Amino acid sequence: MPYLLSLLIFSPLAAVLLAGLLPSRKHQWFRMLALAVSIGQLLALIALFNSLSPNISLYYAEQARWLNISLGTWGVLQANYLVAVDGLSLPMVALSVVVLLIAVISSWHEQKNVKGYFMLLLTLNGAIIGSFCALDMLLFYVFFEFMLIPMYFLIGIWGGARREYASVKFLLYTLFGSILILIVFIGLYLGVGVVQFGQILHSFSVLDWQDAHYHMTGSWLTSSETYGGFTLKAWAFLFLLVGFGIKLPTVPFHTWLPDAHVEASTPISVILAALLLKVGGYGLARVVLPVFPAETIQFSGLVGGLGVVSIVYGGFNALASKDLKRLIAYSSVSHMGFVLLGLASGTTEGIAGAVYQMTSHGIITSMLFLIAGVLYDRTHGRLIDNYSGLSTVMPRYTALIMIAFFAGMGLPGFSGFIAEVLVLLGGFNPLSLVPVWLPALAASGLLLAAGYFAWTIQRMLYGPFVTKGFAGTLTDLTPRERFMLVSLAILTLWLGILPQGLLSLINPFAEGLSRLLSDHLVP
Amino acid sequence: MEVSGLILLLPLAASILMVTFPVARFQFGGLALSVTLAAFLLTWVVDPGSLQANWLQSGNFNLPLLFSIHDLRLIRLIIGISGLVQFYSLFYLSSSANHRSYFSLLCFFTFAMLGLATSTHLLVTFVFWELVGYTSYRLIGFDTTTSSTSAALKALLINKVGDVCFLIGILMLASTGLLSTSNLAPGSAGTLPLLLIFVGVVAKSAQAPLFPWLTAAMAGPTPVSALLHSATMVAAGVLVLLRLVPLLNDTVSTVISFTGGVTLLVGGLLAIFSYDIKRILAYSTISQLGLMVLAIGAGAHASGYLHLQTHAIFKAGLFLCAGVFIHHGVISGHANPNDIRNFSNPNGWLKWSWVILSGSLVGLPLTAGFISKEAILHDVMTFSASLSLFVWVSIPLTALYVGRVSYFLVTKKTESYPLHPLLLPALLLSLVSVMWFVAAITTEAPTAWVSIVISQTLVIAGLFAGFRLARISFAEKSWHTNLGLDGLYDKKMPQLATAWGRAGIAVDRQIIDRLVHAWAYITVLFAHLTSWFDRAIVDLTLVGGSAWVVRFTGQLVRVPMSGKVQGYLLWALFSLFLFLVLWLLL
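Residues numbered from 1 in each chain as written. Chains lettered and ligands numbered in written order. Predicted model: local features only at pLDDT ≥ 70, side-chain atom pairs only at ≥ 80, totals over all residues. Heavy atoms only, no water.

Undergrad: Help me out: how do you make sense of the overall build of chain B in this one?
TA: Helix and strand content of chain B: 20 helices and two strands. Here the C-alpha radius of gyration of chain B, 40 Å, is well above what a compact globule of 586 residues would show, namely 25 Å. Along the first, second and third principal axes, the C-alpha set of chain B runs to 155 × 55 × 55 Å. When each of the 586 residues of chain B is scored for burial, the buried share is 55%. In chain B, the proportion of contacts linking residues at least 24 apart, taken out of those at least 6 apart, comes to 80%. (Helix = DSSP H or I, 4+ residues; strand = E, 2+ residues; numbered from the N terminus. Rg over C-alpha atoms; globule rule 2.2 N^0.38 Å. Buried < 20%, exposed > 50% of the residue type's maximum accessible area, 1.4 Å probe, protein only. Contact = heavy atoms within 4.5 Å.)

Take a look at the structure:
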């Protein structure tokens, strides 16, 4: 099936149009439509995995002409519709399909403005998958921005008490990062080109940007002028680092995350944590490292250091959090620090570990936010100190909390362990670009994770049964909740016990990127 | 797949089966026991061999699952003690306890411990190390009371400190390709990775100063203490240390020996001052583990390993006996069933089990402990005279606390303990202990008669001294419990961690977010400025100005249109005059 990726991207967008025509009072129709789209995407994903031919670096590539606008004396603005998946984006696309399906199931009992909600959710669906598949960076940017507005409304309308503050903060902060990214993208477009028939032909394709032959002499990409001690390429690297780092999120650009996560409703938190954060890591691996290898090496200490700071700082903040969702949000900050460290190490294991961590964390954090959602749905409270002894009334919930929390701690048998070991291996590798004390510090993040997760288990699950601020009875997991949590648990167990399936997919990409970086090392 | 793999996989399968399938309540123990028995029998049937499966590969790093099913004695020891503990648990566990969870965890533990003992790649060993730690956490907190679950948390976190250091050490070695034990040569590993791995050993095998978790772990059910926290799991650290022996250099060996020696003495000392039987046995375990670590550090690896095995037998047996005493105490309604002052003088099988097993602990002849202790004594004296001092001191020290406990048993009124299945495992273990002695003596007669005579004299002296010591009752001091280290682990460390956490939150809220808000305010201020500029200057001057010009011109032009005829006449005559002049000029 040659157009599988376009199908994946545009089926939810087509469903949005369809949903627009449906009457608003038929709530069930919207739910069924979203569910059908998600299940369709899941089937398409299975078909995609079934027909992966080995030894190819890009799968299911599609290319079509898109924009070709003449700007008079300023040349031609040309962008193509170029989508494909490889070892980096295929796990992300798979993760997106699964998480969006879970999000639809989790949204089943949403009552407020159901039509608007599912239309926004479907738009988000198409935009997320589109940004993971796009290889033309203008197309990527369009999808990237397309994610922001639905998210803004989804947090701002269906969120909690401080939702307006959280959604505005999220939007403006991320938009600021996007502007930095756009500046560099435009610069790269203008700096990359080929002379054809007397005319300069630029390109937005990241494959062309990676190729040093296409960097035009005399452009900023080959210039060695320095401004404030850094070349223009270094500034571009830093701009992209900040832009994608805001999304990842890296400390100190992370403060939008706790507010956005806490105020968003459960399915939206799940999408935010599991998918949107990964776009930041994906952008770094897709654009920043391959196009700026020399600068990656130059700034590897900084990037690795930021990763370790995120791990440790995020971990300590999680330890001191009184709100369960805030704790999980900070643990996301901490886990994404491993992604940054893995990428900074520049080794195959480190990069593979970073991609594995993005996938693994997507699954585990979905479980964590669903768990917080189970409690919130019943009691409308999230403060850890208000609950204790939950294991006595909700045994199934307890079992799944144990699985999710221990997976988050990096217990072997779950996917998080594989990811973290690979990242740390990459860091300790003699060929690594980061000094050896950085991964050593990062390993202490594992101790912090054990600390805050196990302490939360102690406070909330054991001891006498107490619920403050809630007087009703607590029911154990409903079949719907059980289905979601158990499916995710099976996924993280599978990726933890049989890692080579996913790793064999990621390894070619990681090897390629690592080789690209090592080629630029000054001997 | 080789049949020997079943030895590991059967307990795992049983564990998963119990959790996922609706099995009737009291069949869990039976299932666990039959699977363990099957695995045990398998060890007599299979040929020693290796198991290998590809697991993880990325870049130049390759991590295969490699298991070596060669040391069948250790494997049988693990499975055998697991089976005896499962049998014991069938009768010990109350009917209201969660049998499914308990037996599933015990089976899973057997699987993980076997994996740990047979894996040859250190990173794979680490995987099982963590799994064993998880099982320990779940089993310590099994009755879900606040005290047991906080003990479980303490065990988890102290072990995690060791785990993290262990992992860093392993990964540092991994980058030099030293992980699978086939290519270990002395001096090929740096001191730092070895020391970091040793920190992991210190935590897992409850060496000083990371031993308080083991004391706290006594909050778990007694069979769990017998299996995990005396015989097998805590020995895991020693097993890893044995594997590293070819790599050890002098610095690391000194650190190891010193840590082992200090732990040996601290454990023995604290055992003398406790009244809680489980606590005494815990300190005894700590002390004996210290002896094993000391032996390895001194170079006496074989005897250290021997002691690990004999210790597993007699310590597990002692815990199982203690369980009977505690059980009896609970039934009799004592306030503190663990207190040795409440124990009665046992009769029959229990008495003999206790005597033989305690004798094994102090190292009296006719027991396995005699063989291993004398071996350690002899070997350590051969390798290092100074370190052997630790061993010499430990002999009467161990006898002291054993004698003290014996006093409380012997001087009580004899009470008849009816033959009950609970007594059988300990009895079996004491028989194994004796048989071990017989087998060892018949294979190789002892030669170091001088040290044997002196050490046995010290043992007898220690036992008598312990007897006399028991008559003195003393006040409870804070250092009697874990040398007062609990203040550090239970209060100071958590306070420090949460203080740092709160500092992080403060940085987030007061500094970073304030900067973000400041940026927002500056932008809004700038917006107000431009808005004022728009209104006051652009709108007022340019737009307003042009409006004013038009209005002024209009007013000017309106002047002639006054509505008065005289005015119009005047303007008309003036215009006519103007046109005439102009016409005349041009």
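Undergrad: Can you help me understand the overall build of chain A in this one?
TA: The number of helices and strands found in chain A is 20 helices and eight strands. At 23 Å, chain A has a C-alpha radius of gyration in line with the 24 Å of a compact globule built from 523 residues. Principal-axis analysis of the C-alpha atoms gives chain A an extent of 75 × 60 × 45 Å. Going through the 523 residues of chain A one by one, you find that 66% of them count as buried. When contacts within chain A are restricted to residue pairs at least 6 apart in sequence, those whose partners lie at least 24 apart make up 79%. Split by element, the accessible area of chain A, about 17800 Å² in all, is 68% carbon and sulfur. Across chain A, 24 positive and 21 negative side-chain charges occur, with their mean positions spaced 13 Å apart. (Areas by Shrake-Rupley, 256 points an atom, 1.4 Å probe, with all protein chains shown as cover. Lys, Arg positive; Asp, Glu negative; His and termini not counted. Charge placed at Lys NZ, Arg CZ, Asp CG, Glu CD.)

Undergrad: When you look at the nonpolar core in this model, what are you seeing that I'm missing?
TA: In a soluble, globular protein the nonpolar side chains are often hidden away together inside. Residues and elements named next belong to chain A. Core analysis: the biggest nonpolar cluster contains 397 residues, and F185, W209, I271 and F406 have the highest contact counts within it. The greatest single-element share of this core, amounting to 17 residues, is contributed by helix α11 (residues 266-291). If near-sequence neighbours (up to four positions away) are discounted, W209 is found in contact with M137, F185, L188, Y189, V192, S203, F204, H215, V287 and V291. (Core = buried A, V, L, I, M, F, W, Y, C linked by side-chain atoms within 4.5 Å.)

Undergrad: Explain the environment of A:F204 to me, please; I cannot follow it from the model alone.
TA: With respect to the secondary-structure elements, A:F204 resides in the loop between β4 (199-202) and α8 (206-210). Non-local contacts of A:F204, meaning those with residues more than four positions away in its chain, are made with A:L77, A:Q78, A:A79, A:L135, A:D136, A:M137, A:L138, A:F185, A:Y189 and A:W209.

Undergrad: In this structure, what is going on with the pairing of strand β2 (residues 76-85) of chain A? I would like to understand it.
TA: Along a regular strand, successive side chains alternate from one face of the sheet to the other. All names here are of chain A. The buried count for β2 comes to eight of 10 residues, which makes it a mostly enclosed element. In this sheet, β2 lies alongside strand β1 (residues 59-70) in antiparallel orientation, the contact comprising nine bridges. Bridge pairing links R65 to N80 in β2. Counting the residues between successive antiparallel strands, the hairpin from β1 to β2 contains five residues, one of them, G72, with a positive phi of roughly 65°. (Pairing = 2+ DSSP bridges.)

Undergrad: What's the story with the interface of chain B and chain A in this structure? I'm lost.
TA: One frequent convention defines the size of an interface as the accessible area lost when the parts assemble. Each side of the interface is counted separately: chain B has 46 residues, and chain A has 55 residues. Buried area between chain B and chain A, both sides added, is near 4100 Å², and the carbon and sulfur share of it is 72%. Across the chain B-chain A interface, the total number found is one salt bridge. One salt bridge in this structure joins B:D513 and A:K169, with 2.8 Å as the shortest N-O distance. On the surface where chain B and chain A come into contact, there are 14 residue pairs in polar contact (both at pLDDT 80 or more). Where the side of chain B that touches chain A is concerned, the elements lending two or more residues are β1 (49-58), α5 (122-140), α6 (146-174) and α19 (486-558) of chain B. (Buried area = accessible area lost by both parts, 1.4 Å probe. Salt bridge = Lys/Arg side-chain N within 4 Å of Asp/Glu carboxyl O. Polar contact = N/O pair within 3.5 Å; in protein donor to acceptor, adjacent residues only side chain to side chain.)

Undergrad: Could you clarify how one ought to interpret the packing of α5(B) against helix α7 (residues 191-204) of chain B in this entry?
TA: The geometry of a pair of packed helices is captured by two quantities: the angle between their axes and the separation between those axes. Residue and element names in this part refer to chain B. At a closest axis distance of 13 Å, the pairing of α5 and α7 adopts a crossing angle of 25°. By the angle between their directions, the pair α5 and α7 is classed as roughly parallel. Crossing angle aside, the handedness with which α5 passes α7 is left-handed. Contacts between α5 and α7 involve L122, W129 and G133 from the former and I197, G200, V201 and K204 from the latter. Within the contact of α5 with α7, the residues separate by chemical class into four nonpolar, two polar and one charged. (Axes fitted to C-alpha atoms, helices over the stretch in contact; angles between N-to-C directions. Parallel < 35°, antiparallel > 145°, perpendicular 65-115°, else oblique. Left-handed = near helix turned anticlockwise from the far one by under 90°. Nonpolar A, V, L, I, M, F, W, Y, C, P; charged D, E, K, R; others polar.)

Undergrad: Please clarify how the pattern of salt bridges should be interpreted in this entry.
TA: Pairs may arise between side chains of opposite charge once their charged atoms sit close together. Per the stated rule, a full pass over the model turns up 11 salt bridges over all chains. The partner of A:K169 in a salt bridge is A:D259, and the shortest N-O contact between them spans 2.7 Å. Of this pair, A:K169 sits in helix α7 (residues 163-191) while A:D259 sits in helix α10 (residues 256-263); the two residues are 90 residues apart in sequence, bridging distant segments of the chain. Like A:D259, A:K169 is buried. For B:K160, the salt bridge is made with B:E130, and the minimal N-O distance between the two is 3.2 Å. Here B:K160, found in helix α6, pairs with B:E130, found in helix α5; they are 30 residues apart in sequence, far enough to count as distant. With a relative accessible area of 5%, B:E130 lands in the buried category. A network of salt bridges, in which partner residues are shared, links A:R162, A:K169, A:D259, A:R326 and B:D513.

Undergrad: Explanation requested: the packing of aromatic side chains in the structure shown.
TA: For any two aromatic rings, the description comes down to two numbers: the centre-to-centre distance and the angle of the planes. This model, assessed by the stated rule, comprises 47 aromatic pairs over all chains. Taken together, a centroid distance of 4.7 Å and an interplanar angle of 35° make the contact between A:F405 and A:F453 tilted. Placement of A:F405 in helix α16 (residues 395-409) and of A:F453 in helix α18 (residues 437-461) is noted, with a sequence separation of 48 residues between them. Exposure remark for A:F405: the relative accessible area of 2% places this residue in the buried category. With relative accessibility at 0%, the residue A:F453 sits in the buried group. Both rings, one in A:F417 and one in B:F126, keep their centres 6.1 Å apart while their planes meet at 25°; by these two values the pair is stacked. Pair noted here: A:F417 is in helix α17 (residues 415-428) and B:F126 is in helix α5, and the two residues belong to different chains. Taken as a pair, A:F417 and B:F126 share a single burial class, namely buried. Over the ring of A:F144 we find A:K247; its NZ or CZ atom is 5.3 Å from the centre of that ring. The ring centre of B:Y275 lies 3.5 Å from the NZ or CZ of B:R341, which sits over that ring. (Phe/Tyr/Trp six-rings, centres within 6.5 Å; stacked < 30°, edge-to-face > 60°. Lys NZ or Arg CZ within 6 Å of the ring centre and 35° of its normal.)

Undergrad: How should I be thinking about the environment of B:V450 in this particular structure?
TA: Residues and elements named next belong to chain B. Relative to the elements of secondary structure, V450 occurs in helix α18 (residues 449-470). The exposure class assigned to V450 is exposed, which follows from its relative accessible area of 62%. Taking the C-alpha atoms as reference points, V450 and L122, 328 residues apart in sequence, are found 41 Å from one another.

Undergrad: I keep staring at unusual backbone geometry and nothing clicks. Help me out?
TA: Excluding glycine, most residues fall at negative phi; most peptide bonds, likewise, are trans. The omega torsion of the bond from A:L248 to A:P249 falls at -10°, within 30 degrees of zero and hence cis. Along the polypeptide, A:P249 turns up in the loop between α9 (232-247) and α10. Each neighbour pair has its own omega, and for B:A208 with B:P209 the value is 0°, a cis peptide bond. Inspection of the secondary structure assignment puts B:P209 in the loop between α7 and α8 (212-216). One non-glycine residue, A:H380, lies in the positive phi region at around 55°. Tracing the chain through its elements places A:H380 in the loop between α15 (348-379) and β7 (387-388). A relative accessible area of 59% means that A:H380 is categorised as exposed.

Undergrad: Looking at this model, I keep getting lost on a nonpolar patch on the surface. Mind explaining?
TA: A surface patch of nonpolar side chains, amounting to about 1100 Å² of accessible area, comprises B:V559, B:W571, B:F574, B:F577, B:L578, B:F579, B:V581, B:L582, B:L585 and B:L586. By the secondary structure assignment, B:L586 is in the segment after α20 (565-585). (Patch = residues over 30% accessible without salt bridge, like charges linked within 9 Å, V, L, I, M, F, W, Y side chains within 5 Å.)

Remember that the coordinates give geometry; whether it matters functionally is a separate question.
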